[in-house]
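Observations on chain architecture
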Amino acid sequence: MLCVDVLHSNGQYPIYIGNNLLTNGKLFPVKSGDKVMIVTNETVAQYYLDTLQQTLNELGCETNVCLIGDGEAYKNLETLNHIYTTLLEHNYGRDCILVALGGGVVGDICGLAAATYQRGVRFIQVPTTLLAQVDSSVGGKTAVNHPLGKNMIGAFYQPQAVIIDLNTLKTLPPREIAAGLAEVIKYGVALDNLFFTWLCQNIIQLKHLDLEALAYAVARCCQLKAQIVMLDEKEAGQRALLNFGHTFGHAIETEMGYGNWLHGEAVAVGMCIATKLSAKLNQEKNNETVLLDSDVTALYDLLKQAGLPTRIPQDMPLEQFFVHMQRDKKVMHGKMRLILLRSLGKSYVDSDIPKIDIEQVLKTCYH
């Protein structure tokens with residue numbers, strides 16, 4: 001088992017990474033008599049709910065379950081209110097604990113419920129998708145979507161622990177594994193060139209869920225994110241780098257309908273757009289560190305090997321990118337802030353990009 005510690009403004013918490021961790025009661029920061037609400041969906045519940053509930057019950061906890069809908073379409077205020085109602089119906093007080101058992105949707109919405117129920121209760125992340133394990137479960141971002149924008153209603157709220165059982169990935173369909181690999185690749189492209197090189201060499205093992213390769217990749221992603229969160233917990237600056245590809249990706253998700261394109265699929269295309277835009281701007285500015293055309297090709301090849309899309313959906317109008325991007329959370333003083341690359345593994349924030357440059361690149365990403 002591996003452990004990564006996340007330091008934040010109010011303390012720290014562990015991320016445990018390994019096999020069969022759902023049965024390891026020693027990892028759960030609970031005690032006998034605690035009232036625990038497990039938030040999950042029916043898809044995940046059929047595989048892992050009984051195991052988790054048995055582990056918590058053996059620790060002396062009183063457990064109840066709140067089932068929510070499966071998918072991005074249910075990441076909304078209506079579902080959030082359903083969690084509140086379930087907590088109130090079972091007379092849960094401020095000393096209760098919420099446990100998020102599922103993917104990014106479950107983790108984000110359960111985290112927001114924990115942040116706001118009775119002004120804040122404890123919660124534990126038990127992510128069961130690769131995307132959640134390497135990204136959304138770590139760092140304390142919680143949110144629900146609004147019809148006009150993704151993750152527009154939320155809070156920064158850190159969990160007590162993140163327990164990553166790699167065996168839960170075995171029940172994921174290949175499309176979900178690929179979507180998770182998009183976030184894994186993001187860390188290499190934006191933050192760590194050596195990790196990107198390792199991914200190019202090991203992407204097939206990851207696709208086939210080789211546990212040794214998965215453990216290394218998940219741990220490395222968590223380490224990189226923990227370093228960023230420690231420096232910039234509430235995204236005042238450097239943490240924005242973790243959103244590489246996301247501004248374009250969120251625009252695709254919102255336009256195409258939440259869940260029709262998976263988050264990782266949209267981010268994969270977003271990374272392609274951002275990388276091509278970076279190469280164009282670097283060449284025009286004659287930057288000392290130039291993103292080579294071969295680097296762009298390497299990213300495209302890696303995404304394709306992972307089973308991810310690299311092109312904008314044909315039925316998405318170009319102008320809709322700008323409509324959605326103007327609502328992005330990184331917009332400041334009316335200016336879009338995009339995460340771009342100086343080279344593979346080195347990213348930066350730019351808020352002064354001419355619209356014409358973005359348009360030119362977008363047009364090349366449809367075919």
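Scroll up to find the structure this text is about.
Residues numbered from 1 in each chain as written. Predicted model: local features only at pLDDT ≥ 70, side-chain atom pairs only at ≥ 80, totals over all residues. Heavy atoms only, no water.

A few points about the packing of aromatic side chains
Two aromatic rings are characterised by how far apart their centres lie and by the angle between their planes. This is how the line gets drawn: In this scheme Phe, Tyr and Trp rings, the latter by its six-membered ring, pair at centre separations within 6.5 Å, and the angle between planes marks the pair as stacked below 30 degrees, edge-to-face above 60, and tilted otherwise. Buried residues are those whose accessible area, probed at 1.4 Å on protein chains only, stays under 20% of the maximum for their type, while exposed residues exceed 50% and partly exposed ones sit between those limits. In this description a helix means any DSSP run of H or I spanning at least four residues, a strand means any run of E spanning at least two, and both kinds are numbered starting from the N terminus. Both a distance and an angle decide whether a charge sits over a ring: NZ of Lys or CZ of Arg must be within 6 Å of the ring centre and within 35 degrees of the ring normal.
Inspection of the entire model under this criterion finds six aromatic pairs. Here Tyr 47 and Tyr 48 contribute two aromatic rings whose centre-to-centre distance is 5.8 Å and whose plane-to-plane angle is 45°, an arrangement assigned as tilted. The exposure class assigned to Tyr 47 is partly exposed, which follows from its relative accessible area of 43%. For the pair Trp 198 and Tyr 216, a centre-to-centre distance of 4.7 Å together with 55° between the ring planes defines the contact as tilted. Separated by 18 residues along the polypeptide, Trp 198 in helix α6 (residues 193-207) and Tyr 216 in helix α7 (residues 211-231) bring together distant segments of the chain. Residue Tyr 216 is classed as partly exposed on the basis of its relative accessible area of 39%. Here the aromatic residues Phe 195, Trp 198 and Tyr 216 are joined through ring pairs into a cluster of three or more. Against the face of Tyr 348 rests Arg 342, its NZ or CZ located 4.0 Å from the ring centre. Above the plane of the ring of Phe 322 lies Lys 355, whose end atom (NZ or CZ) is 4.6 Å from the centre.

Topic: the sheet that holds strand β3 (residues 35-41)
Strand pairing in a sheet is mediated by backbone hydrogen bonds. Such pairs are either parallel or antiparallel. Applied cut-off: In this description, strands pair whenever DSSP reports at least two bridges between them. To get an axis, fit a line to the C-alpha atoms, keeping to the stretch in contact for a helix; angles then go from 0 to 180 degrees between the N-to-C directions. The criterion used for residue contact is that any of the two residues' heavy atoms lie within 4.5 Å.
Across the sheet, which stays open at both edges, the seven strands sit in the order β1-β2-β9-β6-β5-β3-β4 with mixed pairing between neighbours. The sheet is open, and its two edges are formed by β1 (2-8) and β4 (62-68), each paired on a single side. Here the strands of the sheet are splayed against their neighbours by 20° on average, with no regard to which way each runs. Relative to strand β6 (residues 122-127), strand β5 (residues 97-102) runs parallel, the two sharing six bridges. Its bridge partner being in β6, Val 99 is matched across the sheet by Ile 124. Sitting on the sheet, helix α2 (residues 77-89) touches β3, β4 and β5, and the angle it makes with β4 is about 155°. Helix α3 (residues 104-116) contacts β3, β4, β5 and β6 of the sheet and is inclined by roughly 170° relative to β5.

Details of the environment of Glu 58
By the secondary structure assignment, Glu 58 is in helix α1 (residues 42-58). Relative accessible area serves as the criterion here: at 62%, Glu 58 is assigned to the exposed category.

Description of the pattern of salt bridges
Applied cut-off: Whenever Lys or Arg places a side-chain nitrogen within 4 Å of a carboxyl oxygen from Asp or Glu, that contact is recorded as a salt bridge.
Inspection of the entire model under this criterion finds 13 salt bridges. Salt-bridge contacts for Glu 72 lead to Lys 75; the nearest nitrogen and oxygen are separated by 3.9 Å. Of the two residues examined, Glu 72 and Lys 75, each falls in the buried class. Salt bridges linked by common partners bring Glu 72, Lys 75, Asp 108, Lys 150 and Glu 253 together as one network.

Concerning the side chain of Glu 253
Note the following rule: Any N or O atom pair separated by 3.5 Å or less is treated as a polar contact, with the protein-specific requirement of one donor-capable and one acceptor-capable atom, and with residues adjacent in sequence counted only for side-chain atom pairs.
Within the secondary structure, Glu 253 sits in helix α8 (residues 246-256). Taking relative accessible area as the criterion, Glu 253 reaches 0% and is therefore assigned buried. Engagement of the side chain of Glu 253 in a polar contact is seen with the side chain of Lys 150, the distance being 3.4 Å. Setting aside residues up to four positions removed in sequence, Glu 253 forms contacts with Glu 72, Lys 150, Tyr 258, Trp 261, Leu 262, His 263 and Ala 266.

As for the packing of helix α5 (residues 174-191) against α7
Our working rule: The scheme is simple: roughly parallel for angles under 35 degrees, roughly antiparallel for over 145, roughly perpendicular for 65 to 115, oblique for anything else. Crossings are assigned a handedness: left-handed for a near helix turned anticlockwise from the far helix by less than a right angle, right-handed for a clockwise turn. Gly falls in the polar group here, along with every residue not listed as nonpolar (Ala, Val, Leu, Ile, Met, Phe, Trp, Tyr, Cys, Pro) or charged (Asp, Glu, Lys, Arg).
The interhelical angle for the contact between α5 and α7, taken along N-to-C directions, is 55°, at an axis separation of 10 Å. On the basis of their axis angle, the class for α5 and α7 is oblique. Handedness of the crossing formed by α5 with α7: left-handed. Contacts from Val 184, Tyr 187 and Leu 191 in α5 reach Ala 217, Cys 221, Leu 224, Lys 225 and Ile 228 in α7. Here the contact of α5 with α7 is composed, by residue class, of seven nonpolar, no polar and one charged.

Quick look at a nonpolar patch on the surface
In plain terms, the rule: Excluding any residue in a salt bridge, patches collect residues exceeding 30% relative accessible area, merging like charges within 9 Å and nonpolar Val, Leu, Ile, Met, Phe, Trp and Tyr side chains within 5 Å. Methods summary: accessible areas were calculated by the Shrake-Rupley approach with a probe of 1.4 Å, and residue burial reflects only the protein chains presented.
On the surface, Leu 77, Met 152 and Ile 153 cluster together to form a nonpolar patch covering roughly 230 Å² of accessible area. Residue placement: Met 152 occurs in strand β8 (residues 149-156).

Brief notes about the environment of Phe 321
One can find Phe 321 in helix α11 (residues 318-325). Accessibility expressed as a relative area gives 0% for Phe 321, which makes it buried. The spatial distance from the C-alpha of Phe 321 to the C-alpha of Gly 249 is 9.5 Å, given a sequence separation of 72 residues. Among residues more than four places away in sequence, those in contact with Phe 321 are Phe 248, Ala 251, Ile 252, Ile 273, Ile 312, Met 316, Leu 362 and Tyr 366.

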